[in-house]
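Fold and geometry: a report
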2 protein chains.
Amino acid sequence: MNSLEVLIGHLSRLPGVGKKSASRIAHWLLKADRAFVQALGRLIMELPDRVKRCSRCGMYSDATLCEICSDPARDHRTICVVEQPSDVWAIEATHTYRGLYHVLHGAIAPLEGVRPEDLTIDALVRRLEREPVEEVIIATNPTVEGDTTALYLVRLLKDWGGKVSRLALGLPVGGDLEYADRVTLARALEGRQRISSGEGDG
Amino acid sequence: MNSLEVLIGHLSRLPGVGKKSASRIAHWLLKADRAFVQALGRLIMELPDRVKRCSRCGMYSDATLCEICSDPARDHRTICVVEQPSDVWAIEATHTYRGLYHVLHGAIAPLEGVRPEDLTIDALVRRLEREPVEEVIIATNPTVEGDTTALYLVRLLKDWGGKVSRLALGLPVGGDLEYADRVTLARALEGRQRISSGEGDG
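For every chain, the first residue of the written sequence is number 1, and numbering continues from 1 onward in sequence order. Here the convention is simple: chains get letters from A, ligands get numbers from 1, in the order in which they are written. Where local features are concerned, this predicted model is filtered to residues with pLDDT of at least 70; where side-chain atom pairs are given and counted, the filter is 80 or more; whole-chain, interface and lining totals use all residues. Side-chain measures were taken over the full set of non-hydrogen atoms in the model, leaving aside hydrogen atoms and water.

Chain A is annotated in an unreviewed UniProt entry as Recombination protein RecR of Winmispira thermophila. UniProt positions are given in the numbering used here, feature names are shortened, and annotations may be inferred rather than shown by experiment. Recorded under Sequence similarities (unreviewed entry), the UniProt text for chain A is reproduced unchanged: "Belongs to the RecR family."

Strands here are runs of E lasting at least two residues and helices are runs of H or I lasting at least four, both read from the DSSP assignment and numbered beginning at the N terminus. Assigned secondary structure in chain A consists of seven helices and seven strands. When the helices and strands of chain A are placed in sequence order, the string is α-α-α-β-β-β-α-β-α-β-α-β-α-β. Overall size of chain A, expressed as C-alpha extent along the three principal axes, is 65 × 35 × 35 Å. The buried share of chain A, reckoned over its 202 residues, is 50%. Here the accessible surface of atoms and residues is derived via Shrake-Rupley with a 1.4 Å probe, and residues count as covered only by protein chains that are part of the display. Summing over all exposed atoms, chain A offers an accessible surface of approximately 9900 Å²; the carbon and sulfur share of this is 50%. When charges are counted, neither His nor the chain ends are considered; positive counts come from Lys and Arg and negative counts from Asp and Glu. One atom stands in for each charge, and that atom is NZ of Lys, CZ of Arg, CG of Asp or CD of Glu. Taken as two groups, the 26 positive and 28 negative side-chain charges of chain A have centres that lie 5 Å from each other. The cut-offs for exposure are 20% and 50% of the maximum accessible area for each residue type, with area from a 1.4 Å probe on protein chains only; residues under the lower value are buried, those over the upper are exposed, and the others partly exposed.

Now for the domain arrangement of chain A. A domain assignment, automatic or from a database, supplies the domain bounds used here. Per the domain assignment, the segments making up chain A are domain 1 (7-50) and domain 2 (57-166). Here the C-alpha centroids of domain 1 of chain A and domain 2 of chain A sit 32 Å apart.

Bring the parts together and some accessible area is lost; that lost area is often taken as the interface size. Should any heavy atoms of two residues lie within 4.5 Å, those residues are considered in contact. Taken together, the contact between chain A and chain B spans 51 residues of the former and 51 residues of the latter. Values labelled buried area give the accessible surface lost by two parts on being combined, using a 1.4 Å probe and summing over both. Summed over both sides, the interface between chain A and chain B buries roughly 5300 Å², with carbon and sulfur atoms accounting for 69% of that surface. Sorting the residues of chain A by area buried against chain B places Ile44(A), Met45(A) and Trp89(A) first, and these three jointly supply 12% of that buried surface. Throughout this description, the term salt bridge denotes a Lys or Arg side-chain nitrogen within 4 Å of a carboxyl oxygen of Asp or Glu. Scanning the region where chain A abuts chain B turns up two salt bridges. What qualifies as a polar contact is a pair of N or O atoms within 3.5 Å, subject to a donor-acceptor requirement within protein and to the restriction that residues adjacent in sequence count only when both atoms come from side chains. Viewed at the interface, chain B and chain A are joined by six residue pairs in polar contact (both at pLDDT 80 or more). Residue assignment for the side of chain A that touches chain B shows that the elements contributing at least two residues are α1 (3-11), α2 (19-31), α3 (34-50) and α4 (85-92) of chain A.

Put into structure tokens, the structure is as follows:
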């Protein structure tokens, strides 16, 4: 097997890339600008070493603290809890949210063996103890796993002093937050509903 | 812009990969096996240096002579002329052809400025002078450019002593040879039609 075939084998393991797409990409790379191809290869090769998790929110970042957590202009009283780092980008793209994030890196899924302790929920609880947070917005996916996780968090934060809300349904049920269009996502964010309240007026 | 965003920017330039697919692939890579990610990066990075064109047929190859050209078990009396290296793989996958290939690396397209001299037609003519070839099978795409190229080759080889044939139409017109299913492609290959004959009985 020559290196082109080995490359195609590797490319076809990427999500959404079948054998024919992999072949198409590999042949395209052979005709592409040499500097671009080498830059792409280097970026992929160095990815595991360069990209870390933000020590506070768990978002992918080149630095110990991510750009959002280290930005004093953001509203540090609000934390939006998402399943995946890509969800952060989806919400950022709406340009309607100015608070911080907390990335769970998954959702509770007992059938797949994902338990609450496999997520960054402990770190979230510690953040709420230390940081001046007033509201937690739960932005898990509107799926069985996302709903389970949201319910778990609501129960966990029952006695916490602040406000807990969740994105308004308006997101297509069964869909994936990352693929929602910006307008729908922005509306769900604006219309978020209070689940419990620190003032007991819930 | 952090390295993850730079990577997504690069990935989204690949054919068939949009911004969302690029993001999906990048995030998948962040969770993928480290050794796999580094191997993929290295393969891409080294691609321009490792993969050359076979000095005889123009197919991509790690060595000076490709695996097909250097295989004594192949039928060296038949050359199948294709537009792209990926077409070679498509025909190989039918398991019905045992001859050699010649890759033109394109098709004649006057409107896009691709002239006969931009292709490897000269090299093909030299091969026919030196090698014991008895038949040339023209397997260009059934498109305007592919038909133009086929016609050009037929005229060019008019006085050459051997047989010239072309893949049977059976391929969907306007389609791309690379994406034909194996059965259709195998049938087109078996039913190839003689265009001219060295014996003058055409």
